[in-house]
Amino acid sequence: PYRAVGLVSAGLPVAVVQHGGETFVTASLGRTFQIYNCAKLRQVFVGPSLPAGITALGAHDDYTLVACGTAVVVYKRAELVATLEGEHTAPVRHLLAMGSSVVSVDATGLLVAWQLPSGEVAGRLHPGFAASALCHPATYLN
């Protein structure tokens, strides 16, 4: 049988990450998430149920980032690493991981940079713009 992640996801964009020669995709299912191996769309992990609906997803190396209302929950494989909260007053709409940093943008345009695994705030860019997407290249080429 064939599988299609779009038929079971909640409509949020998926997060794609590559580990060695394998590619994994993380999809939202309302208040939980699932991780699939892209080779045959085999399910490899089901996340725990969160207190609110998922509003954004991100993935980087072994980390899975899940925005849940005004908080960002960070997992390393199946283990909870940090809950980043207290800065956003509106639902988080965008997530981006870069090295040991996470950038989150909420619905008002507030951008917050966090350090992992401590969860400390590294910086803020106050509202006043509307981000449509966040992107960071996988590598830099000269």
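Up top is the structure these notes are about.
Below is a short write-up of the structure. (Residues numbered from 1 in each chain as written. Predicted model: local features only at pLDDT ≥ 70, side-chain atom pairs only at ≥ 80, totals over all residues. Heavy atoms only, no water.)

Let us now look at the pairing of strand β3 (residues 33-37). Within a regular strand, side chains alternate between the sheet's two faces. Burial analysis of β3 places five of its five residues in the buried class, the great majority of the element. Side chains of β3 alternate between two faces, with Phe33, Ile35 and Asn37 and Gln34 and Tyr36 buried alike. Summarising the sheet, strand β2 (residues 22-28) and β3 pair through five bridges and their orientation is antiparallel. Paired with alanine 27 across the bridge in β3 is glutamine 34. In this antiparallel pair of consecutive strands, β2 and β3, the connection spans four residues, and glycine 30 shows a positive phi of 85 degrees. Where β3 and strand β4 (residues 42-46) come together, four bridges link them in antiparallel fashion. For isoleucine 35, the partnering residue across the bridge sits in β4 and is phenylalanine 45. Hairpin geometry of β3 and β4 is characterised by an intervening segment of four residues between the two adjacent antiparallel strands and by a positive phi of about 50 degrees at leucine 41. (Buried < 20%, exposed > 50% of the residue type's maximum accessible area, 1.4 Å probe, protein only. Helix = DSSP H or I, 4+ residues; strand = E, 2+ residues; numbered from the N terminus. Pairing = 2+ DSSP bridges.)

What follows covers the sheet that holds strand β11 (residues 111-115). Judged by pairing direction, the sheet is antiparallel, and its four strands sit side by side in the order β9-β10-β11-β12 without closing on themselves. Each edge of the sheet is formed by a strand with only one pairing partner; in this case those strands are β9 (92-98) and β12 (121-125). Across the sheet, the mean angle separating the axes of adjacent strands is 15 degrees when strand polarity is ignored. In terms of strand pairing, strand β10 (residues 101-106) meets β11 through five bridges, oriented antiparallel. Bridge pairing in β11 links serine 101 to glutamine 115. (Axes fitted to C-alpha atoms, helices over the stretch in contact; angles between N-to-C directions.)

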